[in-house]
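# Structural features, examined
Listed below, chain by chain, are the residues.
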There are 2 protein chains.
Amino acid sequence: MQSTPTHTVDVAVIGAGTAGQSAFHQVKKCGKNVVIINAGSWTTTCVDAGCMPSKLLLAAAERAHLAHTADEFGVITQVQIDGKAVMQRVQRERARLASYVQATVDGWDDDQKISGTARIVGKNADDQTLLAVNDDIIAADTLIIATGSTPSVPDGWADILGDRLLTSDTVFDLPDLPKSLAVVGAGAIGLELAQAFSLLGVRVRLFNRDATLGSLSDDDINAAAIDSLATMVDMALNATIDTLTQTDNGVCVYYTDCDGNAQTFEAEYLLAAVGRHAELEKLGIDKLDIALDDKGYPKDLDPATGQIGKRPVFVAGDASGHFPLLHIANIEGTQAGMLAKDCPITADYIRDLPVPLSVVFCLPNIAQIGQTYAQLKDSDTDFVTGKVSFANQGRSRVMGVNQGALHIYAHRSDGKLLGASMVAPDGEYLAHILALAIMQRLSASELLTMPFYHPTIIEGMRTALRDIVKQCLALSDDEGTDTAAARAAETKNAALPNVNPMLR
Amino acid sequence: MQSTPTHTVDVAVIGAGTAGQSAFHQVKKCGKNVVIINAGSWTTTCVDAGCMPSKLLLAAAERAHLAHTADEFGVITQVQIDGKAVMQRVQRERARLASYVQATVDGWDDDQKISGTARIVGKNADDQTLLAVNDDIIAADTLIIATGSTPSVPDGWADILGDRLLTSDTVFDLPDLPKSLAVVGAGAIGLELAQAFSLLGVRVRLFNRDATLGSLSDDDINAAAIDSLATMVDMALNATIDTLTQTDNGVCVYYTDCDGNAQTFEAEYLLAAVGRHAELEKLGIDKLDIALDDKGYPKDLDPATGQIGKRPVFVAGDASGHFPLLHIANIEGTQAGMLAKDCPITADYIRDLPVPLSVVFCLPNIAQIGQTYAQLKDSDTDFVTGKVSFANQGRSRVMGVNQGALHIYAHRSDGKLLGASMVAPDGEYLAHILALAIMQRLSASELLTMPFYHPTIIEGMRTALRDIVKQCLALSDDEGTDTAAARAAETKNAALPNVNPMLR
């Protein structure tokens, strides 16, 4: 196929979400001729249907929850949820954030941005990729694909449920809280939304085919997460959905529960939160002879650079299928922009992604940092697990948020921190501290030399770190390899012993 | 003076608060003969009248505040404060914590602990210190003084106000919330309690002789703290208290306000929060020929070890006059225990105190980390200040806690982090992350390579770090010393640029 280009550019970026914008910005900075093409509104998944509206809904839910449970503090509250007002704040703040994105886009040169759906139509004789957009044909030396991802919906559900089917793309547009909601999928999105709606008085049931919450691979932490969340949201775990029907008032879920019994749950809507997928095939990527795997991602994608084989084609952000996280999309987009078209500051700029970090912002927060329990087991790493429960942790109990547990994994030989899993009050902060410590390659005893203010939830993390030190010391005794000097150094760094139970 | 000892020990510890307990525990661990003497109940300032009851009261206050301000989220609340229930929870949880301390003490050998007031009576011919306790005379080779501190009350106030005068020693014993309260002093204790009572519906006015809150020496941060706190507590700053009187219903404060006008404030009680002091002179420390300075602390105290001159006498915890903070008392007590009586693991165990960190747990939190603004100015350090306001910071606004500001100080030459001051939502966590970064001697650009999850309040900290990098880069341009390589390295480490306003 051959067409006469109406534009010729060094780099074409398809998609103006977080990754696409970062790539576009970076290519411009490198002084290259660039165009960015976007279908639909110029906003980001994060703002429109992702991190921001979910956190806005959770903020309302947390207020409701803290008010509902304030009696024990002598703060007697009567709470009424104004569902329309809840959704209006979500939508109003979302619109405000979207206006910031729009303002950024408005600042770009008109001839560098095109509204429309891009389709790859082939290559020309100069080996440039040809894109059809509206009535234009664009010839680009390098292509950056940043087309994002879309909520997955199991086959047939859309037909059966019609407008009773919600995804994260549509749920935040509801004019009012639903009366009841079936949520399918206990990943980050399903957990956050099921809990948020439940705490806001919606009758919710969260369905999951297994009993794993938020991808937790550490069974103890997963069990603690189930214990904590079960107090706030009704969950049907290890459930199989047999049939869905639309009813006069909504949907009916026919399912088999964990005990093998047939059950039903009727609700106004069903929210599918079973994952996200890219739709690269719709882009016409086959025209470049790029093969996709069975999940729809390019087989040849280099995870370090986002480049497809040796082709001048990069994939960044959710479309790469790596981590559907904003801070990763930003990094991948920027890097693709640097690598594209021999930007003068190239190879030097390829850097490792930061320490892995994922957070589910339910209450208490679920977080995984560094290597997961499953990864450590699979790699036969010799590690110890430092443990703490927050059930009676000092400050957590003071605040009335004493739920959850934290496991920190460390090399058995030297106590170097490897990773952590938790369901913990203010876990997002513990997660960042541990991520920084892992980035700095600290051991448990080294991290124990940081100040631990009293009374803080961070002191709970200290208990787990001390548990690691204790296990590492026990090992060196067992093996008879302990020397007085090594032990003294370890003890010295293990922060100070204390007899004050307040410090636990 | 000479007396015949009834007991002879290697080490006597006077005072069984946090520092004393840590010292006692450590001396025992070293295998020395030790006795600990305590006047009054065997608990700690932290549990009885310090960190814990104040945080318990603040927890109730925060619940009330979050409920009162939940309307904007669509969460419509009616809040009634049950003052008796508020104080009962504070007292119940405090008693629970005290029972843990008591259980620890119960585990000690009876012949190692003495209830009573110790008084130094002199030295014997063997150069041992002699202590009188009840009917006993104890001869000790080494003395560890851990007698803590007491709330200061200006001369005459106790006589004028009688039982209308409260301090942190008595305020948590109130059976009900007061109707109204004058709080004098805007340090940590005054700020926390004034705000807590105010948010719980008590009519409060907080008086301070100057306009500095929580020892903040950075004027901009102090101004931000005043702005934030003024929305939650009535403050009379730069006020001079002229006269206090007791009235039929409480107290009347006659004062001159910041404009020089005479004013009055009537309240049920007055809470004096004007500082704490040790009372070493009551111990008979003069019997050891130890001179005290005009604040009542030993002139010869070595701040690194707590030792008084070359004498076998150590001071640990609040009694040393350094930092009235639990984590410091724990360290000082343990260290004194190690140093006392040639414990076999001595000099090696002397270690620097951790990175300075202080937190006032008001809303938003006030915190100072590392070197303060005043210290940097006084030492003529060449530094830049990275700044961020939380007024419109993404996640803070989502949560409805968008108040405050953060300043991070860094060496102008290399961006190495030196310190920070803030009044910030969840500031206690930002403070710990910055303390860890300073401990690791990180520069702003190095800290920027940690993962910053989205959306978090920690992203606000990132804005301030980027501000530092920008200023350091600008400097190298100005001075013409920039090289392409240095600049590229700096840019590379400065984390990625982003065009997404959500990342601000």
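Residues numbered from 1 in each chain as written. Chains lettered and ligands numbered in written order. Predicted model: local features only at pLDDT ≥ 70, side-chain atom pairs only at ≥ 80, totals over all residues. Heavy atoms only, no water.

## Thoughts on the environment of Gly74(B)
- Relative to the assigned elements, Gly74(B) resides in the loop between helix H3 (51-68) and strand E3 (75-81).
- By relative accessible area, Gly74(B) is classed as buried at 0%.
- Once you skip the residues sitting within four places of it in the chain, Gly74(B) turns out to touch Gln80(A), Ile81(A), Asp82(A), Ala85(A) and Val86(A). (Helix = DSSP H or I, 4+ residues; strand = E, 2+ residues; numbered from the N terminus. Buried < 20%, exposed > 50% of the residue type's maximum accessible area, 1.4 Å probe, protein only. Contact = heavy atoms within 4.5 Å.)

## Topic: the sheet that holds strand E12 (residues 234-236) of chain A
Residues and elements named next belong to chain A.
- The five strands lie next to each other as E9-E16-E10-E11-E12, forming an open sheet whose pairing is parallel. This sheet does not close on itself; its edge strands, each paired only once, are strand E9 (165-166) and E12.
- Where helix H6 (residues 188-199) meets the sheet, it contacts strand E10 (180-184), strand E11 (203-207) and strand E16 (269-272), and its direction lies at approximately 160° from that of E11. (Pairing = 2+ DSSP bridges. Axes fitted to C-alpha atoms, helices over the stretch in contact; angles between N-to-C directions.)

## As for the domain arrangement of chain A
Residue and element names in this part refer to chain A.
- Domain annotation of chain A identifies domain 1 (7-151 + 277-339), domain 2 (152-275) and domain 3 (357-479).
- Taking only C-alpha atoms, the centre of domain 1 and the centre of domain 2 are 26 Å apart.
- The interface of domain 1 with domain 2 comprises 21 residues on the first partner and 21 residues on the second.
- Roughly 1900 Å² of surface becomes buried between domain 1 and domain 2 when both sides are summed, with 65% attributable to carbon and sulfur atoms.
- At the junction of domain 1 with domain 2, the criterion picks out three salt bridges.
- Counting the contacts that link domain 1 with domain 2 gives eight residue pairs in polar contact (both at pLDDT 80 or more). (Domains from an automatic or database assignment. Buried area = accessible area lost by both parts, 1.4 Å probe. Salt bridge = Lys/Arg side-chain N within 4 Å of Asp/Glu carboxyl O. Polar contact = N/O pair within 3.5 Å; in protein donor to acceptor, adjacent residues only side chain to side chain.)

## Some details on the pattern of salt bridges
- All chains considered together, the criterion is met by 32 salt bridges over all chains.
- Arg397(B) is the salt-bridge partner of Glu93(A), the closest N and O atoms lying 2.9 Å from each other. In this pair, Glu93(A) is assigned in helix H4 (residues 83-106) and Arg397(B) in helix H10 (residues 394-398), connecting two distinct chains.
- When the shortest N-O distance is used, the salt bridge between Arg395(A) and Glu428(B) registers 2.9 Å. You can see Arg395(A) sitting in helix H10 (residues 394-398) and its partner Glu428(B) sitting in helix H11 (residues 427-439), one on each of two chains. Pair check on accessibility: Arg395(A) and Glu428(B) agree, each one buried.
- Several salt bridges converge on common partners, so that one network encompasses Glu93(A), Arg96(A) and Arg397(B).

## With respect to the side chain of Ser180(B)
All names here are of chain B.
- With respect to the helices and strands, Ser180 occurs in strand E10 (residues 180-184).
- Polar contacts involving the side chain of Ser180 include one to the main-chain amide nitrogen of Glu268, which spans 2.9 Å.
- Residues in contact with Ser180, not counting those within four places in the same chain, are Val202, Arg203, Glu266, Ala267, Glu268 and Tyr269.

## Here's the deal with the packing of helix H3 (residues 51-68) of chain A against H4(A)
Residue and element names in this part refer to chain A.
- Relative orientation of the contacting elements H3 and H4 amounts to 145°, with a least axis distance of 9 Å. Handedness of the crossing formed by H3 with H4: right-handed. Across from Met52, Pro53, Leu56, Leu57, Ala59 and Ala60 in H3, the residues of H4 making contact are Val86, Met87, Arg89, Val90, Glu93, Arg94 and Leu97.
- Grouping the constituent residues of the contact of H3 with H4 by class yields 10 nonpolar, no polar and three charged. (Left-handed = near helix turned anticlockwise from the far one by under 90°. Nonpolar A, V, L, I, M, F, W, Y, C, P; charged D, E, K, R; others polar.)

## Section: the UniProt feature "active site" (unreviewed entry) in chain A
Residues and elements named next belong to chain A.
- As recorded in UniProt, the feature "active site" (unreviewed entry) lies at His454.
- Structurally, His454 is set in the loop between helix H12 (444-447) and helix H13 (458-478).
- What makes His454 buried here is its relative accessible area of 5%. (UniProt positions renumbered as here; feature names shortened; annotations may be inferred.)

## A short note on the packing of helix H11 (residues 427-439) of chain A against H11(B)
- Following both chains from N to C, one finds H11(A) and H11(B) inclined at 5°, their axes separated by 10 Å at the closest point. Judged by the inter-axis angle, H11(A) sits roughly parallel to H11(B). Counting all contacts with H11(A), which are made through Tyr429(A), His432(A), Ile433(A), Leu436(A) and Ala437(A), the residues of H11(B) involved are Tyr429(B), His432(B), Ile433(B), Leu436(B) and Ala437(B).
- In terms of residue class, the contact of H11(A) with H11(B) is built from eight nonpolar, two polar and no charged. (Parallel < 35°, antiparallel > 145°, perpendicular 65-115°, else oblique.)

## Looking at the UniProt feature "binding site: NAD(+)" (unreviewed entry) in chain A
Residues and elements named next belong to chain A.
- Per the UniProt record, the feature "binding site: NAD(+)" (unreviewed entry) sits at Gly185, Ala186, Gly187, Ala188, Ile189, Gly190, Leu191, Glu192 and Gly275. With the annotated positions falling across 91 residues, the maximum pairwise C-alpha distance of 13.6 Å places them together in a single cluster.
- Its place among the elements puts Gly185 in the loop between E10 and H6.
- By relative accessible area, which is 6% here, Gly185 ends up buried.
- Ignoring anything within four residues of it in the chain, the contact list for Gly185 reads Gly190, Leu191, Leu206, Phe207, Asn208 and Ala273.

## Quick word on the relation of the copies chain A and chain B
- When chain A is fitted to chain B, the residual RMSD is 0.0 Å, and the transformation amounts to a turn of 180° plus an axial shift of 0.0 Å. Both copies are brought into coincidence by an operation consistent with a two-fold rotation axis.
- Residue by residue, 100% of the interface of chain A is reproduced at the interface of chain B, so both copies engage with the same surface. (Least-squares fit on C-alpha atoms with pLDDT ≥ 70 in both.)

## What about the side chain of Thr456(A)?
- By the element assignment, Thr456(A) lies in the loop between H12 and H13.
- The exposure class assigned to Thr456(A) is buried, which follows from its relative accessible area of 0%.
- A polar side-chain atom of Thr456(A) sits 2.8 Å from the main-chain carbonyl oxygen of Tyr453(A).
- Residue contacts for Thr456(A): discarding those within four places in its chain leaves Gln393(A), Arg395(A), Phe361(B), Glu428(B) and His432(B).

## A few points about the interface of chain A and chain B
- Contacts between the two partners involve 101 residues from chain A and, on the opposite side, 103 residues from chain B.
- Across the chain A to chain B interface the summed buried area is about 9400 Å²; carbon plus sulfur atoms make up 65%.
- Linking chain A with chain B are six salt bridges, by the criterion used here.
- As a salt-bridge pair, Arg89(B) and Glu72(A) come within 3.5 Å of each other at their nearest N and O atoms.
- Considering each element in turn, the side of chain A that touches chain B owes the most residues, 11 residues, to H3(A).
- Its residues assigned to classes, the side of chain A that touches chain B comprises 57 nonpolar, 26 polar and 18 charged.

## Quick word on helix H4 (residues 83-106) of chain B
- With 24 residues, H4(B) should cover 34 Å at 1.5 Å per step; its first-to-last C-alpha distance of 34 Å lies within 8% of that length.
- Among all positions in H4(B), only Gly83(B), Val86(B), Met87(B), Arg89(B), Val90(B), Glu93(B), Arg94(B), Arg96(B), Leu97(B), Val101(B), Thr104(B) and Val105(B) are buried.
- In this structure, the buried residues of H4(B) make contact with H10 of chain A together with helix H1 (18-29), helix H2 (45-49), H3, E3 and strand E4 (113-115) of chain B. (Expected span 1.5 Å × (residues − 1).)

## Observations regarding the sheet that holds strand E9 (residues 165-166) of chain B
All names here are of chain B.
- Here five strands make up an open sheet; going across it, the order is E9-E16-E10-E11-E12 and the pairing parallel. Each edge of the open sheet carries a strand with a single partner, namely E9 and strand E12 (234-236).
- Where strand E11 (residues 203-207) lies against E12, three bridges are found, and the strand directions are parallel. For Arg205, the partnering residue across the bridge sits in E12 and is Asp234.
- Relative to E11, helix H6 (residues 188-199) is tilted by about 160°, and along the sheet it contacts E10, E11 and strand E16 (269-272).

## Digging into the nonpolar core
- Core analysis: the largest hydrophobic core is formed by 207 residues, its most contacted members being Ile369(A), Met461(A), Ile369(B) and Met461(B).
- Every residue in contact with Met461(A), bar those within four places of it in the chain, is listed here: Leu406(A), Ile408(A), Leu430(A), Ile433(A), Leu434(A), Leu447(A) and Phe452(A). (Core = buried A, V, L, I, M, F, W, Y, C linked by side-chain atoms within 4.5 Å.)

## Some thoughts on the pairing of strand E21 (residues 383-389) of chain B
All names here are of chain B.
- The buried fraction of E21 amounts to five of the seven residues, a majority that puts the element mostly inside the structure.
- Where E21 and strand E22 (residues 405-411) come together, seven bridges link them in antiparallel fashion. Bridging from a neighbouring strand, Lys387 pairs with His407 of E22.

## Let's talk about unusual backbone geometry
- In the segment running from His454(A) into Pro455(A), the intervening peptide bond is cis, with an omega of -5°.
- Counting through the fold element by element, Pro455(A) comes out in the loop between H12 and H13.
- One non-glycine residue with positive phi stands out, namely Asp380(B), at about 55°.
- Along the chain, the position of Asp380(B) falls in the loop between helix H9 (373-378) and E21.

## A short note on the pairing of strand E19 (residues 357-360) of chain B
All names here are of chain B.
- When E19 meets strand E20 (residues 365-370), the two strands line up antiparallel, connected through four bridges. Residue Leu357 lies in a different strand from E20, and its bridge partner there is Ile369.
- Hairpin remark: E19 followed by E20, antiparallel, with four residues in the connecting loop.

## Points about the packing of aromatic side chains
- Enumeration over the complete set of coordinates arrives at 17 aromatic pairs over all chains.
- Relative to Trp108(B), the ring of Trp42(B) lies with its centre 6.3 Å away and its plane at 75°, an arrangement referred to as edge-to-face. Separated by 66 residues along the polypeptide, Trp42(B) in the loop between strand E2 (34-38) and H2 and Trp108(B) in the loop between H4 and E4 bring together distant segments of the chain. Neither residue differs from the other here; Trp42(B) and Trp108(B) are each classed as buried.
- Here the aromatic cluster, defined as three or more aromatic residues joined through ring pairs, consists of Phe24(A), Trp42(A) and Trp108(A).
- The ring of Tyr269(A) carries Arg164(A) above its face, with NZ or CZ at 5.3 Å from the centroid. (Phe/Tyr/Trp six-rings, centres within 6.5 Å; stacked < 30°, edge-to-face > 60°. Lys NZ or Arg CZ within 6 Å of the ring centre and 35° of its normal.)

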